[in-house]
Amino acid sequence: TAWRGYDGVFSHDPDQSPLALQSVQNIVGNDQFTQELRFSGETHDQRLFYTLGGFYLDSESTLEGLVSIPPIPGSFYGSLGFIQDDVITTKNKSVFTHAEYAITDRLQGFGGIRYTDEEKRYHFNHSPQLAIQDPGGEPFKRTDWRLGLNYQASADAMVYGSVATGFRSGGVNPRPFTDAQFIPFGPEDITSYELGTKLDLADQRISLDLAAFISDFDHRIQRQQTVDADGAPLTAPTNLGTGRIKGFEIELQASPTEQLLLNAQVGYARFTTNDAAYQGERQLAT
């Protein structure tokens, strides 16, 4: 059982000029309550280990403050002035189960499933504009799963593989200035694949972990420069096309003496996408 909250006040001048032409005040707050219950056990002569659980989140965020943008030559907006009093609520109810089963003395299968029921609401209240409610606030339901195998090839070597799905929640453009910028976006989906091995070498003085992975994204969420229904420019999260991250990770731990421990890690990832605005590849290496 947990509760978390925060409050903050700050302001900024977003016109990126030496003059204070624009003024945006931010008064933010959040209160959230979470509850998680788990029941774990073992059966079948300790060949089957399982966990059953449930999760609940109830969150309310506020975004308040004065937005003042005077007329600027060449600006689409002309002038804007309003007091923002927006409320964002999120409710998430999830149930899940995970199990590991010893198929043989060396081969173990594992898997899990999770069902999520989530609802987000953005209450738009910009005086003197009318208050409206999130057009994309209908409940979102999702089932995700994971399957995999572990094989203990020897006392010092284990190999594994897994496939899993997941998602990133959708929502609404987080700070709409006008009702035309009140634009919802959907969730982002992912399917991930991983193969790896864990080795103990030199009488367990050396530990070596190797892993290769592929993550396939669909309806990828990306902040993008766009225009609203009135033709005004804005930056908002948008569901674009697909994407893929593939790479590998290596972790080495060695203890040449009882008093000395050495660690080394390396990771490499290549990101590709078919999005027209982000066509190409990006590489990340550490």
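Keep in mind that what you see is a predicted model, and the values were worked out from it rather than measured.

What follows covers the overall build of the chain. The number of helices and strands found in the chain is 0 helices and 18 strands. Per-residue burial over the chain gives 31% buried out of 286 residues. Within the structure as shown, the chain displays about 17,200 Å² of accessible surface, and the carbon and sulfur contribution to it stands at 56%.

Turning our attention to the packing of aromatic side chains. Applying the stated rule across the entire model yields 6 aromatic pairs. Centre to centre, the rings of Tyr122 and Phe182 are 5.5 Å apart; their planes meet at 80°, and the pair counts as edge-to-face. Taken as a pair, Tyr122 in strand β5 (residues 107-124) and Phe182 in the loop between β10 (171-172) and β11 (184-185) lie far apart in primary sequence, 60 residues in all. Following the ring pairs from residue to residue traces out a cluster consisting of Tyr122, Phe124 and Phe182.

A word on the pairing of strand β14 (residues 221-227). Along a regular strand, successive side chains alternate from one face of the sheet to the other. Two strands pair when backbone bridges link them, and β14 and strand β15 (residues 233-239) are joined in this way by 7 bridges, in the antiparallel orientation. Bridged to Val227 within β15 is Pro233. A loop of 5 residues connects β14 with β15, the two strands running antiparallel in sequence, and Gly231 in this loop sits at a positive phi of about 90°.

Phi at His44 takes a positive value of approximately 55°, unusual for a residue other than glycine. Turning to its location among the elements, His44 is positioned in the loop between β2 (23-43) and β3 (48-69). Not every positive phi belongs to a glycine, and Gln204 is a case in point at roughly 65°.

Over the atoms, a rolled probe matching the size of one water molecule traces out where space is still vacant. When its volume is computed, the second largest pocket comes out at roughly 440 Å³. Considering the residues around the second largest pocket, the lining is formed by 20 residues, among which Ile88, Lys120, Gly171, Val172 and Pro174 are closest to the centre. Of all the secondary-structure elements, those providing two or more residues to the lining of the second largest pocket are β3, β4 (80-102), β5, β10 and β14. When the residues that make up the lining of the second largest pocket are grouped by side-chain class, the tally is 8 nonpolar, 7 polar and 5 charged.

It is worth spelling out the side chain of Ser61 at this point. Along the chain, the position of Ser61 falls in strand β3. Given a relative accessible area of 19%, Ser61 falls into the buried group. Here the side chain of Ser61 touches Asn30 through a polar contact of 2.7 Å, side chain to side chain.

Of all hydrophobic cores here, the largest spans 6 residues; its members are Val24, Val67, Ile69, Leu80, Phe82 and Phe177. Breaking this core down by element, the ones donating at least two residues are β3 and β4. Core analysis: the second largest hydrophobic core is formed by 5 residues, Leu63, Tyr122, Val172 and Phe182 among them.

In this section: the environment of Phe82. By secondary structure assignment, the location of Phe82 is in strand β4. For the pair Phe82 and Val67, spaced 15 residues apart in the sequence, the C-alpha separation amounts to 5.5 Å.

Parameters at a glance
- Residues numbered from 1 in each chain as written.
- Predicted model: local features only at pLDDT ≥ 70, side-chain atom pairs only at ≥ 80, totals over all residues.
- Heavy atoms only, no water.
- Helix = DSSP H or I, 4+ residues; strand = E, 2+ residues; numbered from the N terminus.
- Buried < 20%, exposed > 50% of the residue type's maximum accessible area, 1.4 Å probe, protein only.
- Areas by Shrake-Rupley, 256 points an atom, 1.4 Å probe, with all protein chains shown as cover.
- Phe/Tyr/Trp six-rings, centres within 6.5 Å; stacked < 30°, edge-to-face > 60°.
- Pairing = 2+ DSSP bridges.
- 1 Å grid on protein atoms, 1.4 Å probe; cavity = no way out; pocket = protein on both sides within 12 Å on 5 of 7 lines; lining within 4 Å.
- Points joined across faces, edges and corners; volume = space filled by probe spheres on them.
- Nonpolar A, V, L, I, M, F, W, Y, C, P; charged D, E, K, R; others polar.
- Polar contact = N/O pair within 3.5 Å; in protein donor to acceptor, adjacent residues only side chain to side chain.
- Core = buried A, V, L, I, M, F, W, Y, C linked by side-chain atoms within 4.5 Å.

By themselves, these observations are geometric and do not establish any function.
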